[in-house]
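# Structural overview for review
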Amino acid sequence: MDFDALFNAQLDTLRQEGNYRIFADLERERGNFPRALNHGGSGVRDVTVWCSNDYLCMGQHPKVLQAMHEALDKSGAGAGGTRNISGTNHHHVLLERELAELHGKEAALLFTSGYVSNWATLGTLGARLPNAVILSDALNHSSMIEGIRHARCDKKIWKHNDVEDLRRKLQECPAGSTRIIAFESVYSMDGDIAPIREICDLADEFGAMTYVDEVHAVGMYGPRGGGVAEREGLMDRITLIEGTLGKAFGVMGGYITGSAALVDFVRSFSSGFIFTTALPPALAAGALASIRHLKESRWERARQKQQVAKLRARLDAIGIPHLPNPSHIVPVMVKDPVKCKMISDVLLDDHGVYVQPINYPTVPKGTERLRFTPGPGHSDEDIDHLVGALHALWKHCALARAVA
Ligand code: PMP
């Protein structure tokens, strides 16, 4: 049996649809982010990374690196087991306490990634709570969607950020159901932000739980980096806050925070938590240093805001269309998959600018884009360089301009 033929047939379909993913072969250099070496193409070249989710350069921060080195020297490489069987290291315990405190909750629980935390937690809540119905925002991340599928409970999809539709869907839930409203705070591709207060009001009215994914917000919003819920003074109205250690905190891992009973419930019943090796202690130590730093330091957040505003203003000045959202994500709308890929290729090859094209199925057809994430490491010169290159390419591709 030629199994490879089976694999290749489906891969060919992906290629024909233009959805085959090619990864940039990057080598990040300590202390030099957002610069990186690109090993793809002909020879090794210096590039500026414009699409990283290491939003605040914390993956390179000296305090984070030092904490990781120290933990590595002290505790070794791996955790040595699942959390239940010898894998709970004191670094995990400290980190969970810190996360609970960051979000104003009684407890927190670590997972190996943000993806796993959503998948495992929604799967467990939906499967185990009596008559559970999960009400999911239409643009929720794949990890939440897969978690809801895994739960095999009833689900209702409400229109993105539409509280009227959410109300209708809450009304449709049978009496006696446990309603769980699942949504994100900052949506990763459009960069828009959920109406959290209104969602909490509805949750109160219908006696529903609120589950918010703050993956693209933790570290960056709120006076201590507690996310959008912290910024809006709503943390105590959210039942469960989920986050990642892999984006603004610059390391890796995921987590949930909530009441002691909720966290104990997930800890005790979730296979995605129980039956997998715990995070390496050094990762936990690095994440802890990162969270503590961002709780105190406002510089990274302030500088990121500044650079985001500069990029937006420069794009506006030359009429390059970008989604006007209230977040740090700057989606430049190309609206054509072939041109989107071409612009990304030319930016990389001719200008040393790396931004991955975002095409269908990650975003709907006709909304293809370049998703820029300016951070504290991008200089004014980097912004000038990027905007100059985009200006020339926009003309070359005869793309539509925004009305200034
Ligand atoms: N939730 C959202 C909204 C995400 O965008 C992502 C990752 N892109 C995740 C969860 C998964 O987080 P992690 O990368 O830590 O697995």
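Residues numbered from 1 in each chain as written. Predicted model: local features only at pLDDT ≥ 70, side-chain atom pairs only at ≥ 80, totals over all residues. Heavy atoms only, no water.

### Focus on the overall build of the chain
The criterion, for reference: Starting at the N terminus, helices and strands are each numbered in turn, a helix being any DSSP run of H or I of at least four residues and a strand any DSSP run of E of at least two. Throughout, the radius of gyration refers to the C-alpha atoms, and the reference size of a globule is 2.2 Å times the residue count to the power 0.38. The classification of residues rests on relative accessible area computed with a 1.4 Å probe and restricted to protein chains. Under 20% of the type maximum is buried, over 50% is exposed, and intermediate values are partly exposed. When checking whether two residues touch, look at their non-hydrogen atoms; a contact exists if any pair is within 4.5 Å. Each accessible area is a Shrake-Rupley estimate made with a 1.4 Å probe; only the visible protein chains count as cover when residues are assessed.
Looking only at helices and strands, one finds 15 helices and 14 strands in the chain. Relative to the globule expectation of 22 Å for 404 residues, the C-alpha radius of gyration of the chain, 22 Å, shows essentially globular dimensions. Each principal axis of the C-alpha atoms in the chain carries an extent, and together these give about 60 × 60 × 55 Å. Of all 404 residues assigned to the chain, the portion counted as buried reaches 54%. Summarising the internal contacts of the chain: among those between residues at least 6 apart in sequence, 70% fall at separations of at least 24. Put simply, the chain shows about 18,000 Å² of open surface, and 54% of that area lies on carbon and sulfur atoms.

### What to know about the confidence of the model for the chain
We count it as follows: How sure the predictor is of each residue is captured by pLDDT, a score from 0 to 100.
Residues at a pLDDT of 70 or more form 100% of the chain, whose mean pLDDT is 96. With pTM at 0.96, the complex prediction returns an ipTM value of 0.99.

### Observations concerning the domain arrangement of the chain
Our working rule: Domain start and stop points were drawn from an automatic or database domain assignment. Buried area: the sum, over both parts, of the accessible surface (1.4 Å probe) that disappears when the two are put together. Should a side-chain nitrogen of Lys or Arg be within 4 Å of a carboxyl oxygen of Asp or Glu, the pair is scored as a salt bridge.
Segmentation of the chain into domains returns domain 1 (24–53 + 299–397) and domain 2 (62–296). Using only C-alpha atoms to locate each centre, domain 1 and domain 2 end up separated by 28 Å. In this assembly, 17 residues from domain 1 lie in contact with 24 residues from domain 2. Both faces considered, domain 1 and domain 2 share a buried interface measuring about 1,500 Å² in area, 50% of it formed by carbon and sulfur atoms. For the pair domain 1 and domain 2, the interface holds one salt bridge.

### Regarding the pairing of strand β6 (residues 154–158)
Defined as follows: The pairing criterion is simple: DSSP has to find at least two bridges between the two strands.
Where strand β5 (residues 132–137) lies against β6, five bridges are found, and the strand directions are parallel. For Val133, the partnering residue across the bridge sits in β6 and is Asp154.

### Quick word on the packing of helix α5 (residues 114–128) against helix α10 (residues 260–269)
Formally: Lines fitted to C-alpha atoms define the axes here, with helix axes fitted over just the stretch in contact, and angles between the N-to-C directions of these axes take values from 0 to 180 degrees. Any angle between 65 and 115 degrees counts as roughly perpendicular, while under 35 counts as roughly parallel, over 145 as roughly antiparallel, and the rest as oblique. Under the convention adopted here, Pro, Cys and the residues Ala, Val, Leu, Ile, Met, Phe, Trp and Tyr are nonpolar, Asp, Glu, Lys and Arg are charged, and Gly plus all remaining residues are polar.
Relative orientation of the contacting elements α5 and α10 amounts to 95°, with a least axis distance of 10 Å. Taken together, α5 and α10 sit at an angle that is classed as roughly perpendicular. Mapping the contact onto sequence places Thr121, Thr124, Leu125 and Arg128 in α5 and Leu262, Phe265, Val266 and Phe269 in α10. For the contact of α5 with α10, a count of residues per class yields five nonpolar, two polar and one charged.

### Points about the packing of aromatic side chains
Heads up, the rule is: Aromatic rings from Phe, Tyr and Trp, taking only the six-membered ring of Trp, are treated as a pair when their centres fall within 6.5 Å; an angle between ring planes under 30 degrees marks them as stacked, one over 60 as edge-to-face, and anything in between as tilted. Comment: the charge-over-ring label is applied if NZ (Lys) or CZ (Arg) is within 6 Å of the ring centre and within 35 degrees of the ring normal.
Scanning the model with the defined rule gives three aromatic pairs in all. Ring plane angle 80° and centroid distance 6.2 Å describe the contact between Trp50 and Phe372, whose orientation is recorded as edge-to-face. A residue pair is termed long-range when its members are at least 10 positions apart, and Trp50 in the loop between β3 (45–49) and α2 (62–75) and Phe372 in strand β14 (residues 369–372) qualify at 322 residues. Summarising the burial analysis for this pair, Trp50 and Phe372 share the class buried. A centroid spacing of 5.8 Å and a plane angle of 75° characterise the contact between Phe111 and Phe273, whose relative ring orientation is edge-to-face. Placement of Phe111 in strand β4 (residues 107–111) and of Phe273 in helix α11 (residues 271–274) is noted, with a sequence separation of 162 residues between them. With relative accessibility at 3%, the residue Phe111 sits in the buried group. Above the ring of Tyr20, the side-chain terminus of Arg15 is found at 4.2 Å from the ring centroid. One cation-aromatic arrangement involves Lys365 over Tyr360; the distance from NZ or CZ to the ring centre is 4.5 Å.

### Let's talk about the site of the ligand
Stated precisely, the cut-off is as follows: A cutoff of 4 Å decides nearness: a residue is near a molecule or strand if any of its heavy atoms lies inside that distance of it. What qualifies as a polar contact is a pair of N or O atoms within 3.5 Å, subject to a donor-acceptor requirement within protein and to the restriction that residues adjacent in sequence count only when both atoms come from side chains.
Near the ligand the following residues occur: Ser113, Gly114, Tyr115, Asn118, His141, Ser143, Glu184, Asp213, Val215, His216, Thr244 and Lys247. Separating an oxygen atom of the ligand from a backbone N or O atom of Gly114 is a distance of 2.8 Å. In the model, a nitrogen atom of the ligand is placed 2.6 Å from a nitrogen or oxygen of the Asp213 side chain. Relative to its unbound accessible surface of 390 Å², the ligand loses 81% to contact with the protein. Top element by residues in the shell around the ligand is α5. It accounts for three residues. Residue composition of the shell around the ligand, by class: two nonpolar, seven polar and three charged.

### Thoughts on the state of the cysteines
To keep things clear, this is the line we draw: Our working definition of a disulfide is a cysteine sulfur pair at a distance within 2.5 Å.
Counted under the stated rule, the structure contains zero disulfides. With no disulfide of its own, Cys153 lies 10 Å from the sulfur of Cys173, the closest cysteine sulfur.

### Details of the UniProt feature "domain: Aminotransferase class I/classII large" (unreviewed entry) in the chain
The following threshold applies: UniProt positions are given in the numbering used here, feature names are shortened, and annotations may be inferred rather than shown by experiment.
As annotated by UniProt and renumbered to match this structure, "domain: Aminotransferase class I/classII large" (unreviewed entry) occupies residues 46–390. Counted over residues 46–390, helix gives 46% and strand 16%. Its end C-alpha atoms are 19 Å apart.

### Quick look at the sheet that holds β14
Strand order in the open sheet made by the three strands is β11-β14-β13, with antiparallel pairing throughout. The sheet terminates laterally at β11 (330–333) and β13 (357–358), the two strands that pair on one side only. When β13 meets β14, the two strands line up antiparallel, connected through two bridges. Directly across from Ile358, in β14, lies its bridge partner Arg369. On top of the sheet, helix α13 (residues 299–317) reaches β11 and β14; it is set at about 20° to β11, its chief contact.

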